[in-house]
Amino acid sequence: MRKLIFGIIVSGIAIYFLQKNFDISEFERLEGKVNWWIFPLLILSNLWAFIPFSIRWYHLLEKKITFHQSFSTAIIGVGLNMVLPARGGDLVRLLMNKRDSDLPLTHLLSRIFLEKVMDLGSVVVIGATALFYMGLGQSKNLSLLLISSLVIIGMLVGLILVKYFLFFLRSVALKCFSLIGKQSLYETKLDHHLVEFSEFLQGDKLIKPLAYSLPTWVFGYAISYYLAGMLIGMPISFPEALLFMFLGGMGVAIPSAPSGIGVFHAAIISGFIILGRDPGEGLVYATVVHLTQFLITTVLACFAYFVWRLSHQKNMRIN
């Protein structure tokens, strides 16, 4: 509840400044410029983005679920992230995968941590590449990259500790849990999962998930950003789409109301300012991207949940 309230406050502040600095008449520029034939392509691009995303998750779970289950729950999770606070859709996805595979929740949590590290790393690399490709790599534009890089470094340090200093990490964790009187909880519920996670990091099991991380963003989500500009007659180049995708991804990482309303728009507008484009156009573009993503992913999530329920009911009848 506290996270939800904090998120609503953050979004409220962002929306306040947006409405204070932008005129609603900005949306008049859409009149007669919407290319509706692009919308089916936008739907297909969203579906396409889920393919590498789902393949990566399928390999992160070491094929303990089917690709169909990975694909359907990925759509459901992303769709619910649009309406639930604090990335609640990811938790729902984990619970559904737990039901599909009987994997322990701690196992699933460790894998989604890896997924988020890969996503953050991919987005930062893409954002930095786009900035430098367009000649925008000045110091004033790199502060967000620096902050994101520090977060990635922190996550990598944690992974290195698990991989190479497992004995030390286990002894420290045991002492910490002993201090709060929860030693048995650590020994019976957590320690073996830490060992299992370390074993996962030792081999070549990460190679395939890593290989699908960049394609998920470059050939998936970025295409949707590119098509959104075509939809409203506001053409953007593909490097610009990559930059907006990076800024949008960083924007929704800020705790905010469901689907990052307000902060997402502010992040995209900052991209238009960096590019020297009209920030009013940025508000229109951000609103269209946000609205189309919300509509498409939530509708797809409802359909995917219906299919998932049918498959479970069918399996129950067979058993």
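Here we summarise the structure given alongside this text. On a predicted model such as this, the values are computed, not experimentally measured, just so you know.

Scoring rules and cut-offs
- Position numbers for residues start from 1 in each chain and track the written sequence from start to end.
- Thresholds applied to this predicted model are a pLDDT of at least 70 for local features of residues and 80 or more for the giving and counting of side-chain atom pairs; totals over whole chains, interfaces and linings are not thresholded and use all residues.
- Excluded from the side-chain calculation are hydrogens and water; included are all heavy atoms of the structure.
- Should a side-chain nitrogen of Lys or Arg be within 4 Å of a carboxyl oxygen of Asp or Glu, the pair is scored as a salt bridge.
- The secondary structure listing takes helices from DSSP runs of H or I that are at least 4 residues long and strands from runs of E that are at least 2 residues long, numbered from the N terminus.
- Only protein chains enter the area calculation, which uses a 1.4 Å probe; residues under 20% of their type maximum are buried, those over 50% are exposed, and those in between are partly exposed.
- By the convention used here, residues are in contact when the closest approach between their heavy atoms is within 4.5 Å.
- Lines fitted to the C-alpha atoms define the axes, with helices restricted to the stretch that makes contact. Angles between their N-to-C directions range from 0 to 180 degrees.
- Any angle that is under 35 degrees is reported as roughly parallel, and any over 145 degrees as roughly antiparallel; angles of 65 to 115 degrees are reported as roughly perpendicular and all others as oblique.
- A crossing counts as left-handed when the near helix is turned anticlockwise from the far one by less than a right angle, and as right-handed when that turn is clockwise.
- Only residues whose relative accessible area exceeds 30% and that take part in no salt bridge are eligible for patches, with like-charged residues grouped when within 9 Å of each other and nonpolar side chains (Val, Leu, Ile, Met, Phe, Trp, Tyr) grouped when within 5 Å.
- Method for areas: the Shrake-Rupley scheme with a 1.4 Å probe, in which residue coverage is limited to the protein chains shown.

1. Section: the pattern of salt bridges
Per the counting criterion, the structure on display carries eight salt bridges. Between Glu 62 and Arg 111 there is a salt bridge; the shortest N-O distance is 3.1 Å. Linking Glu 62 in the loop between α2 (38-60) and α3 (67-81) with Arg 111 in helix α5 (residues 105-133), this pair joins segments that are 49 residues apart in sequence. The exposure class assigned to Glu 62 is partly exposed, which follows from its relative accessible area of 27%.

2. Looking at the side chain of Gln 69
With respect to the helices, strands and loops of the structure, Gln 69 is situated in helix α3. Each residue touching Gln 69, except ones within four places of it in the same chain, is listed here: Asn 97 and Asp 100.

3. Details of the packing of helix α7 (residues 166-179) against helix α8 (residues 183-202)
A pair of packed helices is characterised by two quantities: the angle between their axes and the separation of those axes. Running from amino to carboxyl end, α7 crosses α8 at an angle of 160 degrees, the nearest separation of the two axes being 10 Å. Classed by the angle they form, the pair α7 and α8 counts as roughly antiparallel. Considering how the two elements wind past one another, α7 and α8 form a crossing that is right-handed. Contact residues: α7 offers Leu 166, Leu 169, Arg 170, Ala 173, Leu 174, Phe 177 and Ser 178, while α8 offers Gln 183, Leu 185, Tyr 186, Glu 187, Leu 190, Asp 191, Leu 194, Val 195 and Ser 198.

4. Concerning a nonpolar patch on the surface
Among the surface-exposed residues, Leu 156, Ile 160, Tyr 164, Phe 165, Phe 168 and Val 172 lie close enough to one another that they form a single nonpolar patch of about 590 Å² accessible area. The set of elements that each furnish at least two residues to the nonpolar patch consists of α6 (143-164) and α7. Take the nonpolar patch: its biggest share by element is three residues, from α6. Assignment of secondary structure puts Leu 156 in helix α6.

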